[in-house]
Amino acid sequence: MTILAFETSCDETSVAVVRDGRVLSSLVSSQIKLHAEYGGVVPELAAREHLRNLMPVARAALEEADVFAGSLDAIAATQGPGLPNALLLGLKAAQATAFALRKPFLGIHHHEAHLYSPWIAGEPPLADFASFQPNVSLVVSGGHTLLVHVKSEREYAVLGSTIDDAAGECFDKTAKLMGLAYPGGPEIDRLAARGNAKKYDFPRPMLRDASDDFSFSGLKTSVRYFLRDHAEALENQQTICDLCASVQAAIVEVLVGKTIRAAKRVGVECVTASGGVTCNSALRTALEQACASENFTLRLANRNLCTDNAAMIGILAEQKLLHGAPATSLDAEIMPGWALG
Ligand code: KG4
Ligand code: ZN
């Protein structure tokens, strides 16, 4: 089965071609430079950029995969959640393509696709789906921070989510306070490598809270107050590195601590993680260490599949079709607030 997939839920215009669990092409046109000037994603600019890039990226994805549009079996797109106008462009492009080619269309849940991304690996790739185990999955990015109990391949229960900022947002906003470039997550990751994570003791919000929910706005505020009271801190490069390492350590400790606690309570043997923040070196190492010491199997999404991409949309669409999921109507609307489960 050959599927063309579109992902435009935020600021990446991505199109992929997948066939039989294999990613034939997965192109991402990133808008990072465009939004950097504003220190965050500007929804209207994101939509205009999707409009400009969608067709060239789709054409390039088909060319790279060496697939003719006429030989596609289905078209898929992210239906939600995400930025409304951004979603609208990808969804309508996919529905129009499906209409023109008289092929089925599938609307995909963005977070459900993230849950699949740790399994897109190996050779042959489908071998990984065969080893799919019930798991507790951390989906952590600039827009979402979710802990999900994946009971079977298509049965999910959301255990917790953020009550304010997402973890990626916390990285980005604290980086902005420190005058670092957007997006701040990768910058903090890079500078933290030269810093002392024990230098500053920032709060670990809701780490001991009974719920599986997260909160990151308090951590951002405490960095703001620290910088207000220590204006000289940003004049010293080593201090900036120490601040980055300390902030990163606080975020990572909360994410890992709550994930492992939930996995133990729910009684799974496997932990997975995906989403842009899963690129973070300290998070990957801390999850590896915690899972090794607690005897959990860990599945981390490959770094190139952590951030938003259409490959995960196509792979999930194919799995759904193989399991008899009905096609989505060509008149289906975007679902910007679509909840998982
Ligand atoms: O999944 P994603 O591409 O988009 C959504 O937000 O849905 O994730 C982007 C987020 C940004 O907040 C970015 O700062 C963060 O992922 N990120 C990182 C790293 N790479 C990306 N955060 C920490 N460390 C990184 N290495
Ligand atoms: Zn995402």
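Positions within a chain are numbered from 1, following the residues in the order the chain's sequence is written. Numbering of ligands from 1 and lettering of chains from A proceed in the order in which they are written. The predicted nature of this model means local features are confined to residues of pLDDT at least 70 and side-chain atom pairs, given and counted, to a pLDDT of 80 or more, with totals for whole chains, interfaces and linings taken over all residues. Side-chain measures here rest on the full set of heavy atoms in the structure, leaving out hydrogens and waters.

## Details of the nonpolar core
Step number 1: Buried Ala, Val, Leu, Ile, Met, Phe, Trp, Tyr and Cys residues that are joined via side-chain atoms within 4.5 Å together make up what is termed a nonpolar core. A 1.4 Å probe rolled over the protein chains alone gives each residue an accessible area, and that area as a share of the maximum for its type sets the label: buried under 20%, exposed over 50%, partly exposed in between. Judged by nonpolar contacts, the single largest core of 49 residues is most densely connected at Phe202, Phe216, Ile251 and Leu255.
Step number 2: Starting at the N terminus, helices and strands are each numbered in turn, a helix being any DSSP run of H or I of at least four residues and a strand any DSSP run of E of at least two. Elements with a contribution of two residues or more to this core: β6 (135–140), α6 (167–177), α7 (184–192), α8 (217–229), α9 (237–266), β9 (270–274) and α10 (281–294).
Step number 3: Among the elements that make up this core, the one with the highest residue count is α9 (15 residues).
Step number 4: In contact with Leu255, other than residues within four places in its own chain, are Leu138, Val140, Thr145, Ala167, Phe214, Phe216, Val277 and Leu283. Throughout, a residue-residue contact means that at least one pair of heavy atoms, one from each residue, lies within 4.5 Å.

## A word on the coordination of the zinc ion (ligand 2)
Step number 1: Looking at the metal site, the zinc ion (ligand 2) is ligated by His110 (NE2), His114 (NE2), His144 (NE2) and Asp308 (OD), spaced 2.1 to 2.7 Å from it.
Step number 2: One can describe the donor arrangement at the zinc ion (ligand 2) as irregular, given that its four donor atoms subtend angles of 88 to 165° at the metal.
Step number 3: The rule for donors is simple: an N, O or S atom within 2.8 Å of the metal counts, and for Na, K and Ca the reach is 3.2 Å. Water is not among the atoms, so a site may look short of donors. On the primary sequence, the residues serving as donors to the zinc ion (ligand 2) are separated as H-x3-H-x29-H-x163-D. Linking His114 in helix α4 (residues 110–116) with His144 in the loop between β6 and β7 (145–152), this pair joins segments that are 30 residues apart in sequence. For four-coordinate sites, all angles between 85 and 135 degrees define a tetrahedron; for four- and six-coordinate sites, opposite donors beyond 155 degrees with the remaining angles between 65 and 115 define square planar and octahedral shapes respectively, and all other cases count as irregular.

## Considering the packing of aromatic side chains
Step number 1: Note on ring pairs: Phe, Tyr and Trp rings are taken, using the six-membered ring of Trp, and paired if centres are within 6.5 Å. Classes follow the plane angle, with under 30 degrees stacked, over 60 edge-to-face and the rest tilted. Here the structure, examined in full by the defined rule, presents four aromatic pairs.
Step number 2: For the pair Tyr200 and Phe202, a centre-to-centre distance of 6.4 Å together with 40° between the ring planes defines the contact as tilted. You'll find Tyr200 and Phe202 in the same group, each marked buried.
Step number 3: Chaining the aromatic ring pairs together yields one cluster made of Tyr200, Phe202 and Phe226.

## Side note on the domain arrangement of the protein chain
Step number 1: Domain segmentation is taken from an automatic or database assignment of domains. Per the domain assignment, the segments making up the protein chain are domain 1 (2–125 + 305–322) and domain 2 (133–301).
Step number 2: Computed from C-alpha coordinates alone, the two centres of domain 1 and domain 2 are separated by 26 Å.
Step number 3: In this assembly, domain 1 packs against domain 2 so that about 1800 Å² is buried in total across both faces, 66% of it on carbon and sulfur atoms.
Step number 4: Any Lys or Arg side-chain nitrogen found within 4 Å of a carboxyl oxygen on Asp or Glu counts as a salt bridge. Joining domain 1 to domain 2, the criterion identifies zero salt bridges.
Step number 5: Here a polar contact is taken to be a pair of N or O atoms separated by no more than 3.5 Å, where protein atoms must pair a possible hydrogen donor with a possible acceptor and residues adjacent in sequence count only if both atoms sit in side chains. Joining domain 1 to domain 2, the criterion identifies seven residue pairs in polar contact (both at pLDDT 80 or more).
Step number 6: Secondary-structure elements contributing two or more residues to the side of domain 1 that touches domain 2 are α1 (32–36), α4 and α11 (303–306).
Step number 7: Top element by residues in the side of domain 1 that touches domain 2 is α4. It accounts for six residues.
Step number 8: Taken together, the residues that form the side of domain 1 that touches domain 2 break down as eleven nonpolar, nine polar and two charged. We define buried area as the total accessible area lost by two parts upon association, computed with a 1.4 Å probe and summed across both. Gly falls in the polar group here, along with every residue not listed as nonpolar (Ala, Val, Leu, Ile, Met, Phe, Trp, Tyr, Cys, Pro) or charged (Asp, Glu, Lys, Arg).

## Focus on the side chain of His35
Step number 1: Position of His35 among the secondary structure elements: in helix α1.
Step number 2: In terms of polar contacts, His35 uses its side chain to reach the side chain of Gln31, at 2.8 Å.
Step number 3: Not counting residues up to four positions away in its chain, the partners in contact with His35 are Asp11, Gly40, Val41, Val42, Leu45, Ala46 and Tyr182.

## Things to note about the packing of α6 against α9
Step number 1: Angles run from 0 to 180 degrees between N-to-C directions of axes, and those axes are lines fitted to C-alpha atoms, restricted for helices to the stretch in contact. One way to put it is that α6 packs onto α9 with a least axis distance of 11 Å and a crossing angle of 175°. Classed by the angle they form, the pair α6 and α9 counts as roughly antiparallel. Seen from α6, the contacting residues are Ala167, Cys170, Phe171 and Thr174; seen from α9, they are Val247, Gln248, Ile251 and Leu255.
Step number 2: A per-class count over the contact of α6 with α9 returns six nonpolar, two polar and no charged. Roughly parallel covers angles under 35 degrees, roughly antiparallel covers those over 145, roughly perpendicular covers 65 to 115, and oblique covers all other angles.

## With respect to the pairing of strand β5 (residues 105–109)
Step number 1: Among the five residues that make up β5, five are buried, leaving the element largely enclosed by the rest of the structure.
Step number 2: Only strands joined by at least two bridges in the DSSP assignment are considered to pair. Alignment of strand β4 (residues 74–80) against β5, held across five bridges, turns out to be parallel. Its bridge partner being in β5, Ile75 is matched across the sheet by Phe105.

## Quick word on the site of ligand 1
Step number 1: When at least one non-hydrogen atom of a residue lies within 4 Å of a molecule or strand, that residue is treated as near it. Around ligand 1 lies a shell of 18 residues, among which Gly142, Asp172, Asp189, Asn280 and Asp308 are the nearest.
Step number 2: Contacts to ligand 1 include Gly168, whose backbone N or O atom sits 3.3 Å from an oxygen atom.
Step number 3: At a separation of 2.8 Å, a nitrogen atom of ligand 1 approaches a polar side-chain atom of Asp189.
Step number 4: Relative to its free-state accessible area of 550 Å², ligand 1 is covered by the protein chains to the extent of 90%.
Step number 5: Put plainly, a pocket is an open set of points on a 1 Å grid over the protein atoms alone with protein on both sides within 12 Å along at least five of seven lines, a cavity is a set where a 1.4 Å probe fits but cannot get out, and a lining residue has an atom within 4 Å of a point. Being in a pocket or cavity means that more than half of the molecule's atoms lie within 2 Å of its grid points. Mapping ligand 1 onto the cavity grids shows that it belongs to the largest pocket.
Step number 6: Mapped onto the shell around ligand 1, the elements with two or more residues apiece are α6 and α7.
Step number 7: For the shell around ligand 1, the per-class residue count stands at five nonpolar, nine polar and four charged. Residue burial considers only the protein chains on display, and all accessible areas are found by Shrake-Rupley using a 1.4 Å probe.

## Some words on the sheet that holds strand β1 (residues 2–7)
Step number 1: Here five strands make up an open sheet; going across it, the order is β3-β2-β1-β4-β5 and the pairing mixed. The outermost strands of the open sheet, each flanked by one partner alone, are β3 (22–30) and β5. This sheet shows a mean twist of 20° between the axes of neighbouring strands, independent of strand direction.
Step number 2: When strand β2 (residues 12–19) meets β3, the two strands line up antiparallel, connected through eight bridges. Directly across from Glu12, in β3, lies its bridge partner Ser30.
Step number 3: This element, helix α2 (residues 43–65), spans β1, β2 and β3 of the sheet and lies at about 25° to β2.
Step number 4: Across the sheet, helix α3 (residues 84–101) touches β1, β4 and β5, and the angle it forms with β4 is around 160°.

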